[in-house]
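Single-letter residue listing:
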Protein chains: 2
Amino acid sequence: MIEYYEISGCYILRPLAYYVWETIQGFLDQRFKRNGVSNCYFPMFVSQAALSKEKDHIEGFAPEVAWVTRSGTSELAQPIAIRPTSETIMYPSYAKWIHSHRDLPLCLNQWTNVVRWEFKHPTPFIRTREFLWQEGHTAHATTEDADKMVYSILDYYAECYEELLAVPVIKGRKSEEEKFAGAYYTTTCELYVPANGRGIQGATSHQLGQNFAKMFDVWFENKNKQKEFIWQTSWGFSTRSIGSMVMVHSDNKGLVLPPRVAHIQVVIVPITQKDNAEILAATEALYEQLKKLGVRVYLDDRENYNPGFKFNHWELKGVPIRIEVGKKDLDKQEVRVVRRDNGDKSQMKHSDIDSEIPQLLERIQRDMFDRAKEIRDSHYKEASTWAEFMDALNGKNIVLTPWCNDRECEKQAKDKSKEESLKLMEEAGEEEEQLTGSAKTLCIPADPKTPL
Amino acid sequence: MIEYYEISGCYILRPLAYYVWETIQGFLDQRFKRNGVSNCYFPMFVSQAALSKEKDHIEGFAPEVAWVTRSGTSELAQPIAIRPTSETIMYPSYAKWIHSHRDLPLCLNQWTNVVRWEFKHPTPFIRTREFLWQEGHTAHATTEDADKMVYSILDYYAECYEELLAVPVIKGRKSEEEKFAGAYYTTTCELYVPANGRGIQGATSHQLGQNFAKMFDVWFENKNKQKEFIWQTSWGFSTRSIGSMVMVHSDNKGLVLPPRVAHIQVVIVPITQKDNAEILAATEALYEQLKKLGVRVYLDDRENYNPGFKFNHWELKGVPIRIEVGKKDLDKQEVRVVRRDNGDKSQMKHSDIDSEIPQLLERIQRDMFDRAKEIRDSHYKEASTWAEFMDALNGKNIVLTPWCNDRECEKQAKDKSKEESLKLMEEAGEEEEQLTGSAKTLCIPADPKTPL
């Protein structure tokens, strides 16, 4: 999916990965537009003055900002930042464009790259210095309208994870400590990663209140000719989601791709002993047949590799269905069908291919979601004492526990859990990298008992 | 279409302009994919070492490169460039991915932003420090395959200008002096701008030969097990095209948008004397009717503006069709239809709207192209002496003239024409900004007599 690059923290998204991103773009963009959002493009450069206008916001981002100081061989008069996000780039224009209640709502979105020069260990997709995302920024006349937008978007994000990426989410609100720098509140989709037993943030949608409006002086005249500050939202979905999807579905043979986002959904492998013209002709016909059905299909007719090599190659790349065509299959007017997600092998009659392959792709999509949800649900535990809490954490669970949303209390719980699990690990002789018992606040679930 | 921004040379693409870009993206992307090109994403950062690897190439871009030297408050160990184009970013990976003739062709494209920190006077769309584009980079086993790709892409670019943007182009090759830095040859679409009587480059598609392959050591084993360098192409279409379209079609009332790229194709203006419920209801019904037809329609029912203000407002924004609904029209079961491109006004029966509005949009699209082509063709002159050449230039024409494709000779013609026209203008007391008589080489047309 990715290729490494000479600059640390930057990765190349190869077509396989970029295809997932294009599918996500199509899915979300359609929903945004249906909800009255238009696309636009703001510059990626921002001056220090604009960037620093909202105090909490700049504190959140300052350490990770990349600065351009030179062009050609000339020093710039003022260093210029590359966007880590675009609130401070966009809102001065909102002040120019919004005058009356008739100018609201103003709902804009952009698909861009952003830069956050992190110093933690970089990880493909998950922690990268440049990444791709969409960022939506809307302005409303009332806090209720802003709330409504925040939650519509959160629903789209959840649908994108569940329907496209086959990843179940828990919707909720972030704690005060974890919310977006400068936001009134932050809503989030949280995922569960079985491999390390930890939660990971899927995407966030923020109610900004009137905080930025006051800083950037964005107000409108309401119906009673009174001046009011606008209510704002911002929300983003990034290529990080691809990494989360990979972590949720992969197995020890490599990637497992949900059919809806797989660049190649079906790979055909002819089982030939060199130059078997009959089988090659049959696979070519099958290729055309599936293509006509709208299936994304690839025929691996390379002569210099044997079938076993090809099986491994396409398993590693996560192609949902492999179809093998050998002499025996051909004689029986059948093909052999192998599922990547669970390894199931079956014979399929030629006459059934048209109806069954598209159905099987949908079944795999559903099964992948159901399996991920079952695993997630079995790692969703309640705890009401500290001992229960630590047990659940160390058992690689997401823990539902009562709390006060107090910043100090949250910090204490994080520190204490980290300390205790470090001790446990030292005793067991494990590496800190493996640490699971350290608590991280995911969210205050919208519906605690049935997270979906 | 755009909003000014605090950083010089950077502009905001508002939804109206971005819609044009999205339409172009859809149009080209589909054609690229049909031709076997996949999308991907490479980082926007590049090290000095990689950027400088091809000598002619870096000489072409070095003065305009923006450099990141700081992250947060830390100086970077090595300054890092922001891509002005991605040849030097992508080709090291091509060297990793290409080994055998079976790995070819490798056809990748990306939709990105690029930065060229120009110091000339910035102009929205046309000369901006950050702009959006697609850049395609393909690798082939033979120079013939590369040629074929170069010319397919040039055809797509020409189709995009002519079919979407209603702008006629002249296809041809760039001179040695004007070709892309590091290319074997450059093909181009050239446009004619009536307002200033000058040509402007539409988009270019380059045959890179084996030049970059040798620098980046990208070779493959051919069918005879011999090592050969790959043949490459690169090609780009940018948001500059939107500026060219604006210059070709605008008039003194403002923008004129071709229907196929207009965010709003039809605006409905009710002609009411305050609170005329019957007319408002009729315009709402008409709005729903057109929406159902798939027309991009907007109902301007703002109460605080009079119809005359609205007419000007939407003319300025270039909306192709205005529909007015007044009491008299309603009584006759008609609407008044006004074309933006030529000002034609006509009455249309309610019963004809379903069939005639979509047809009219197509007719406007065609008429805009035909009109632009007629003007362009009438400014396409042949010249075989220097005097004829200068006369044609000063008459705001594109000039077809025999020449030798010698760099020195080209430079002389440019200098001499500039000198002579400066003198002419001084005598006439005109400003240098108006200069038209200075020659610029556009291209060696593929078909000189019939440029289309």
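Residues numbered from 1 in each chain as written. Chains lettered and ligands numbered in written order. Predicted model: local features only at pLDDT ≥ 70, side-chain atom pairs only at ≥ 80, totals over all residues. Heavy atoms only, no water.

## A few points about the overall build of chain A
Phase 1 of the analysis: Assigned secondary structure in chain A consists of 13 helices and 22 strands.
Phase 2 of the analysis: Along the first, second and third principal axes, the C-alpha set of chain A runs to 80 × 55 × 50 Å.
Phase 3 of the analysis: Taken across its 452 residues, chain A has 54% of its residues classed as buried.
Phase 4 of the analysis: Here the analysis covers contacts within chain A between residues at least 6 apart in sequence; of these, 67% occur between residues at least 24 apart.
Phase 5 of the analysis: Approximately 20200 Å² of chain A is accessible, and the part contributed by carbon and sulfur atoms is 49%.
Phase 6 of the analysis: If the 58 positive side-chain charges of chain A are averaged to one point and the 67 negative ones to another, these points end up 2 Å apart. (Helix = DSSP H or I, 4+ residues; strand = E, 2+ residues; numbered from the N terminus. Buried < 20%, exposed > 50% of the residue type's maximum accessible area, 1.4 Å probe, protein only. Contact = heavy atoms within 4.5 Å. Areas by Shrake-Rupley, 256 points an atom, 1.4 Å probe, with all protein chains shown as cover. Lys, Arg positive; Asp, Glu negative; His and termini not counted. Charge placed at Lys NZ, Arg CZ, Asp CG, Glu CD.)

## Details of unusual backbone geometry
Residue and element names in this part refer to chain A.
Phase 1 of the analysis: Looking along the chain, the bond that leaves Leu-104 and enters Pro-105 is cis, with omega of -5°.
Phase 2 of the analysis: With respect to the helices, strands and loops of the structure, Pro-105 is situated in the loop between α4 (87-97) and β7 (106-115).
Phase 3 of the analysis: Even without being a glycine, Phe-125 presents a positive backbone phi close to 70°.
Phase 4 of the analysis: Positionally, Phe-125 belongs in the loop between β7 and β8 (130-140).
Phase 5 of the analysis: We classify Phe-125 as buried; its relative accessible area is 11%.

## Section: the sheet that holds strand β14 (residues 231-238) of chain A
All names here are of chain A.
Phase 1 of the analysis: The 8 strands are arranged β3-β7-β8-β14-β11-β10-β9-β22 in an open sheet whose pairing can be described as mixed. The open sheet has two edge strands, β3 (38-39) and β22 (444-445), and neither has a second partner.
Phase 2 of the analysis: Pairing of β8 with β14, which is carried by 8 bridges, proceeds in the antiparallel orientation. When the bridges of β14 are listed, Glu-135 appears paired with Gly-236. (Pairing = 2+ DSSP bridges.)

## Thoughts on the relation of the copies chain B and chain A
Phase 1 of the analysis: For these two chains of identical sequence, chain B goes onto chain A by a turn of 180° and a shift of 0.0 Å along the axis, with RMSD 0.0 Å. Here the two chains are linked by the operation of a two-fold rotation axis. Considering only C-alpha atoms, the part of chain B nearest the rotation axis is B:Val68, at 2.1 Å.
Phase 2 of the analysis: Interface residue correspondence from chain B to chain A reaches 100%, placing this contact among same-surface, isologous pairings. (Least-squares fit on C-alpha atoms with pLDDT ≥ 70 in both.)

## Brief notes about the nonpolar core
Phase 1 of the analysis: Membership of the largest hydrophobic core comes to 180 residues, with the highest contact counts inside it found for A:Met1, A:Phe45, A:Ile82, A:Tyr94, B:Met1, B:Phe45 and B:Ile82.
Phase 2 of the analysis: Among residues more than four places away in sequence, those in contact with A:Ile82 are A:Met44, A:Phe45, A:Val65, A:Ala66, A:Val68, A:Val115, B:Met44, B:Phe45, B:Val68 and B:Ile82. (Core = buried A, V, L, I, M, F, W, Y, C linked by side-chain atoms within 4.5 Å.)

## Brief notes about the sheet that holds strand β10 (residues 185-193) of chain B
Note: strands within a sheet are paired through backbone hydrogen bonds, in either parallel or antiparallel orientation.
All names here are of chain B.
Phase 1 of the analysis: Strand order across the open sheet formed by 8 strands is β3-β7-β8-β14-β11-β10-β9-β22, with mixed pairing between neighbours. This sheet does not close on itself; its edge strands, each paired only once, are β3 (38-39) and β22 (444-445).
Phase 2 of the analysis: The pairing of β3 with strand β7 (residues 106-115) spans 2 bridges and is parallel. If you follow Ser-38 over to β7, its bridge partner there is Leu-108.

## Structural notes on the interface of chain B and chain A
Phase 1 of the analysis: With 55 residues of chain B at the contact, the number on the chain A side is 55 residues.
Phase 2 of the analysis: For the pairing of chain B and chain A, the buried interface totals around 4700 Å² over both sides, and the portion due to carbon and sulfur atoms is 59%.
Phase 3 of the analysis: Between chain B and chain A we count 4 salt bridges in total.
Phase 4 of the analysis: Salt-bridge contacts for B:Lys96 lead to A:Glu3; the nearest nitrogen and oxygen are separated by 3.2 Å.
Phase 5 of the analysis: Remark: the boundary between chain B and chain A carries 30 residue pairs in polar contact (both at pLDDT 80 or more).
Phase 6 of the analysis: Considered class by class, the residues forming the side of chain B that touches chain A number 34 nonpolar, 10 polar and 11 charged.
Phase 7 of the analysis: Bridge count for strand β5 (residues 66-71) of chain A against strand β5 (residues 66-71) of chain B is 5 bridges, and the pairing is antiparallel. Across the sheet, residue A:Ala66 finds its bridge partner in β5(B), namely B:Ser71. (Buried area = accessible area lost by both parts, 1.4 Å probe. Salt bridge = Lys/Arg side-chain N within 4 Å of Asp/Glu carboxyl O. Polar contact = N/O pair within 3.5 Å; in protein donor to acceptor, adjacent residues only side chain to side chain. Nonpolar A, V, L, I, M, F, W, Y, C, P; charged D, E, K, R; others polar.)

## Looking at the packing of aromatic side chains
Residues and elements named next belong to chain B.
Phase 1 of the analysis: Using the criterion set out here, one finds 38 aromatic pairs over all chains in the structure.
Phase 2 of the analysis: A centroid spacing of 5.7 Å and a plane angle of 70° characterise the contact between Tyr-4 and Tyr-11, whose relative ring orientation is edge-to-face.
Phase 3 of the analysis: Here Tyr-11 falls in the buried class, since its relative accessible area comes to 12%.
Phase 4 of the analysis: Ring centres of Tyr-298 and Trp-314 lie 5.3 Å apart, and the angle between their planes is 50°; on these two criteria the pair is classed as tilted. (Phe/Tyr/Trp six-rings, centres within 6.5 Å; stacked < 30°, edge-to-face > 60°.)

## Observations concerning the environment of B:Phe229
All names here are of chain B.
Phase 1 of the analysis: Within the secondary structure layout, Phe-229 lies in strand β13 (residues 227-229).
Phase 2 of the analysis: With 175 residues separating them in the primary sequence, Phe-229 and Cys-404 have C-alpha atoms 31 Å apart.
Phase 3 of the analysis: When sequence neighbours within four positions are dropped, the list of residues in contact with Phe-229 reads Gln-210, Ala-213, Lys-214, Asp-217, Val-218, Trp-219 and Phe-220.

## Describing the side chain of B:Thr138
Residue and element names in this part refer to chain B.
Phase 1 of the analysis: Its place among the elements puts Thr-138 in strand β8 (residues 130-140).
Phase 2 of the analysis: Among the polar contacts listed, one links the side chain of Thr-138 to the side chain of Thr-233, at a separation of 2.5 Å.
Phase 3 of the analysis: Not counting the four nearest positions on each side in its chain, Thr-138 is found in contact with Leu-106, Cys-107, Leu-108, Met-149, Trp-231, Gln-232, Thr-233 and Trp-235.

## A few points about the packing of helix α1 (residues 15-34) of chain A against helix α7 (residues 240-249) of chain A
All names here are of chain A.
Phase 1 of the analysis: Direction vectors running N to C along α1 and α7 enclose 115°, while the axes themselves pass 10 Å from each other. Relative to α7, the element α1 lies roughly perpendicular. Remark: the crossing between α1 and α7 carries right-handed chirality. Listed contacts from α7 to Ala-17, Val-20, Trp-21 and Ile-24 of α1 are Ser-241, Ile-242 and Met-245.
Phase 2 of the analysis: A per-class count over the contact of α1 with α7 returns 6 nonpolar, 1 polar and no charged. (Axes fitted to C-alpha atoms, helices over the stretch in contact; angles between N-to-C directions. Parallel < 35°, antiparallel > 145°, perpendicular 65-115°, else oblique. Left-handed = near helix turned anticlockwise from the far one by under 90°.)

## Looking at the pairing of β7(A)
All names here are of chain A.
Phase 1 of the analysis: Within β7, 10 of the 10 residues are buried, which leaves it mostly tucked inside the rest of the structure.
Phase 2 of the analysis: Burial along β7 is two-sided: Leu-106, Leu-108, Gln-110, Thr-112 and Val-114 and Cys-107, Asn-109, Trp-111, Asn-113 and Val-115, pointing in opposite directions, are all buried.
Phase 3 of the analysis: In this sheet, β8 lies alongside β7 in antiparallel orientation, the contact comprising 10 bridges. Residue pairing in the sheet places Leu-106 in a bridge with Ala-139 of β8.

## Focus on a negative patch on the surface
Phase 1 of the analysis: A cluster of acidic residues, A:Glu284, A:Glu288, A:Asp301 and A:Glu303, forms a negative patch on the protein surface.
Phase 2 of the analysis: Within the secondary structure, A:Glu284 sits in helix α8 (residues 277-292). (Patch = residues over 30% accessible without salt bridge, like charges linked within 9 Å, V, L, I, M, F, W, Y side chains within 5 Å.)

## Describing the confidence of the model for chain A
Phase 1 of the analysis: This prediction gives chain A a mean pLDDT of 90; 96% of its residues lie at or above 70.
Phase 2 of the analysis: Taken over the whole predicted complex, pTM reads 0.92, whereas the ipTM for its chain interfaces reads 0.91. (pLDDT = per-residue confidence, 0-100.)

## Topic: the pattern of salt bridges
Phase 1 of the analysis: What the rule picks out here adds up to 52 salt bridges over all chains.
Phase 2 of the analysis: Residue B:Glu22 is joined to A:Lys33 by a salt bridge in which the shortest nitrogen-to-oxygen separation is 2.9 Å. One end of the pair, B:Glu22, is in helix α1 (residues 15-34); the other, A:Lys33, is in helix α1, on a second chain.
Phase 3 of the analysis: Here A:Arg302 ties to A:Asp300 by a salt bridge, and the two come within 2.8 Å at their closest N and O atoms.

## Some points on the pairing of β10(B)
All names here are of chain B.
Phase 1 of the analysis: Burial of β10 is extensive: 9 of the 9 residues sit out of reach of the surface.
Phase 2 of the analysis: Of the two faces of β10, the one holding Tyr-185, Thr-187, Cys-189, Leu-191 and Val-193 and the one holding Thr-186, Thr-188, Glu-190 and Tyr-192 are both buried throughout.
Phase 3 of the analysis: Where strand β9 (residues 170-173) and β10 come together, 4 bridges link them in antiparallel fashion. Bridge assignment links Lys-171 to a residue of β10, and that residue is Cys-189.
Phase 4 of the analysis: Examined bridge by bridge, β10 and strand β11 (residues 198-209) share 9 bridges and lie antiparallel to one another. Counterpart to Thr-188 in the pairing with β11 is Thr-204.
Phase 5 of the analysis: Linking β10 to β11, which pair antiparallel, is a turn of 4 residues; within it Gly-197 sits at a positive phi near 65°.

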